Amino acid sequence: MTISVFLLDDHEIVRRGLAQLLELEDDITVAGEATTAAEAAARLPALRPDVAILDVRLPDGDGVTVCRDVRSSTTPPPACLMLTSYADDEALFGAIMAGASGYLLKQVAGVDLVGAIRTVAAGGSLLDPKATAAVRERMRRRGPEPDPRYDSLSPQEQRILELVADGLTNRQIGAQLHLAEKTVKNYVSSMLHKLGYARRTEAAVYAVERRRRD
């Protein structure tokens with residue numbers, strides 16, 4: 001299976017170097033490139049890559065915002081690898097909150113970057129457990145953060161999300177809410193799209209994490 005990768009970086013030499021590196025791999029292909037956040041936002045939903053490598057700092061925005069937006073607007077959403085020249089706690093915090101699968105410095109060795117792409121394409125995460133734990137502790141101290149994805153859900157979709165987190169099937173949810181099973185299925189599809197997830201198990205984990213924070 002070939003892994004399609006999208007590259008977002010405002011430096012041509014970086015994009016060209018990454019592209020040349022990845023094209024040497026039999027199982028990886030570069031699906032597209034962009035130099036700005038706006039260009040990436042326009043191209044990513046149509047290309048639907050498996051992995052998006054996003055520069056954190058861009059002339060018209062930042063890769064963290066691109067990550068959050070593309071994961072909420074593309075089905076299935078790409079795994080996002082943040083690539084930056086700077087070790088920035090705020091950017092790392094934002095990347096984790098945006099749903100990024102990894103956060104790497106540009107000093108990373110080529111073989112390690114290729115390995116990272118394969119890992120996140122397979123559903124894995126490269127986020128350091130200590131960093132993730134620090135973010136969760138920070139969230140606990142600060143209290144619940146506004147979540148535009150959750151706020152975009154209708155009240156009915158929020159109720160269904162909670163029931164999905166409880167492990168109920170569409171039929172069981174329909175019986176509890178007095179809805180047809182097909183109607184519940186439509187609600188679940190809409191909910192997953194808004195949250196930026198491809199599978200209901202991901203939404204369930206998300207809902208459980210929200211409960212813990214609250």
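Right above here is the structure, for reference.
For every chain, the first residue of the written sequence is number 1, and numbering continues from 1 onward in sequence order. Under the rules for a predicted model, residues below a pLDDT of 70 receive no local features and side-chain atom pairs below 80 are neither given nor counted, while totals for whole chains, interfaces and linings still include all residues. In computing side-chain values, all of the structure's heavy atoms are included and hydrogens and water are not.

Participant: Teacher, can you tell me more about the environment of serine 85 here?
Facilitator: The helix and strand labels rest on DSSP assignments: H or I over at least four residues marks a helix, E over at least two residues marks a strand, and numbering proceeds from the N terminus. As for its placement among the helices and strands, serine 85 is situated in the loop between strand 6 (79–84) and helix 4 (89–98). Relative accessible area decides the class of each residue, using a 1.4 Å probe on protein chains only: under 20% of the type maximum gives buried, over 50% gives exposed, and in between gives partly exposed. Among the residues examined, serine 85 registers a relative accessible area of 37% and is labelled partly exposed. For the pair serine 85 and valine 56, spaced 29 residues apart in sequence, the C-alpha to C-alpha distance is 8.5 Å.

Participant: Is there a simple way to think about the pattern of salt bridges in this case?
Facilitator: Opposite charge on two side chains lets them pair, provided their charged atoms get close. By definition here, a salt bridge exists when the distance from a side-chain nitrogen of Lys or Arg to a carboxyl oxygen of Asp or Glu is within 4 Å. Per the counting criterion, the structure on display carries nine salt bridges. For the salt bridge of lysine 106 with aspartate 9, the shortest nitrogen-to-oxygen distance reads 2.9 Å. Within this pair, whereas lysine 106 is found in the loop between strand 7 (102–105) and helix 5 (110–121), its partner aspartate 9 is found in the loop between strand 1 (3–8) and helix 1 (12–23), the two being separated by 97 residues in sequence. Looking at aspartate 9, the relative accessible area reads 2%, which means it is buried. The partner of arginine 171 in a salt bridge is glutamate 181, with the nearest N and O atoms 3.4 Å apart. In this pair, arginine 171 is assigned in helix 9 (residues 170–177) and glutamate 181 in helix 10 (residues 181–195), connecting sequence segments 10 residues apart. Through salt bridges with shared partners, a single ionic network connects Asp9, Asp55 and Lys106.

Participant: What should I look at first to understand the packing of helix 9 against helix 10 in this one?
Facilitator: When two helices pack together, you describe them by how their axes are tilted relative to each other and by the distance separating the axes. With axes taken as lines fitted to C-alpha atoms, and helix axes fitted only over the stretch in contact, angles between N-to-C directions fall between 0 and 180 degrees. Contact pair helix 9 / helix 10: the axes reach a minimum separation of 8 Å and the direction vectors enclose 110°. Classified by the interaxial angle, the pair formed by helix 9 and helix 10 is roughly perpendicular. Where helix 9 abuts helix 10, its residues Asn170, Arg171, Ile173 and Gly174 lie against Glu181, Val184, Lys185 and Val188. Angles are sorted into four bins: roughly parallel if under 35 degrees, roughly antiparallel if over 145, roughly perpendicular if 65 to 115, and oblique for all others. Any pair of residues with heavy atoms lying within 4.5 Å of one another is described as a contacting pair.

Participant: I keep staring at the side chain of aspartate 55 and nothing clicks. Help me out?
Facilitator: Inspection of the secondary structure puts aspartate 55 in strand 3 (residues 51–55). Residue aspartate 55 is classed as buried on the basis of its relative accessible area of 5%.

Participant: What am I meant to see in the side chain of arginine 71 here?
Facilitator: Residue position: arginine 71 is located in helix 3 (residues 63–73). Among buried charged residues, arginine 71 stands out as having no salt bridge; its nearest opposite-charge side chain is glutamate 202, 4.9 Å away. Asp and Glu count as negative and Lys and Arg as positive, but His and the ends of the chain are not part of the count.

Participant: Even after reading the chapter, I still don't get empty space enclosed by the protein, so can you show me in this structure?
Facilitator: Space left empty within the atom packing is revealed by a probe, the size of a water molecule, rolled over the atoms. Detection works on a 1 Å grid of protein atoms alone, calling trapped sets that fit a 1.4 Å probe cavities and calling open sets with protein on both sides within 12 Å along at least five of seven lines pockets, with lining residues defined by an atom within 4 Å of a point. Grid points are joined across faces, edges and corners, and a volume is the space filled by probe spheres set on the points. The full count for this structure, using the stated rule, is two cavities of 30 Å³ or more. Of the pockets and cavities examined, the second largest cavity occupies roughly 30 Å³. Considering the residues around the second largest cavity, the lining is formed by Leu7, Leu8, Asp9, Leu18, Ile53, Leu54, Asp55 and Leu83. Of all elements in the fold, only strand 1 and strand 3 reach the threshold of two or more residues within the lining of the second largest cavity. Sort the elements by how many residues they give to the lining of the second largest cavity and strand 3 lands first, with three residues. In this classification, Asp, Glu, Lys and Arg are treated as charged, Ala, Val, Leu, Ile, Met, Phe, Trp, Tyr, Cys and Pro as nonpolar, and every other residue, Gly included, as polar. Each residue belonging to the lining of the second largest cavity can be placed in one class, and the counts come to six nonpolar, no polar and two charged.

Participant: What am I meant to see in the pairing of strand 3 here?
Facilitator: Residues in a regular strand point their side chains to alternate faces of the sheet. With respect to burial, strand 3 is a largely interior element, five of its five residues being buried. Residue alternation in strand 3 divides its side chains into two sets, Val51, Ile53 and Asp55 and Ala52 and Leu54, and both sets are buried. Only strands that DSSP links by at least two bridges are regarded as paired with each other. Where strand 1 lies against strand 3, four bridges are found, and the strand directions are parallel. Directly across from valine 5, in strand 3, lies its bridge partner valine 51.

Participant: Please explain the pairing of strand 6 as it appears in this structure.
Facilitator: For strand 6, the buried fraction is high: six of the six residues fall into the buried class. Taking every second residue as pointing to the same face, both faces of strand 6 are buried, with Ala79, Leu81 and Leu83 on one and Cys80, Met82 and Thr84 on the other. Strand direction decides the pairing type here: strand 3 and strand 6, joined by five bridges, are parallel. If you follow isoleucine 53 over to strand 6, its bridge partner there is leucine 81. Of the pairings in the sheet, the one linking strand 6 to strand 7 comprises four bridges and is parallel in character. Across the sheet, residue threonine 84 finds its bridge partner in strand 7, namely leucine 105.

Participant: Honestly, the nonpolar core in this entry has me stumped. Any pointers?
Facilitator: Grouped burial of nonpolar side chains is what soluble globular proteins tend to show. What we call a nonpolar core is a set of buried Ala, Val, Leu, Ile, Met, Phe, Trp, Tyr and Cys residues that are connected through their side-chain atoms within 4.5 Å. Membership of the largest hydrophobic core comes to 24 residues, with the highest contact counts inside it found for Leu8, Leu54, Met82 and Tyr103. When residues of this core are traced back to their parent elements, those giving at least two are strand 1, helix 2 (37–47), strand 3, helix 3, strand 6 and helix 4.

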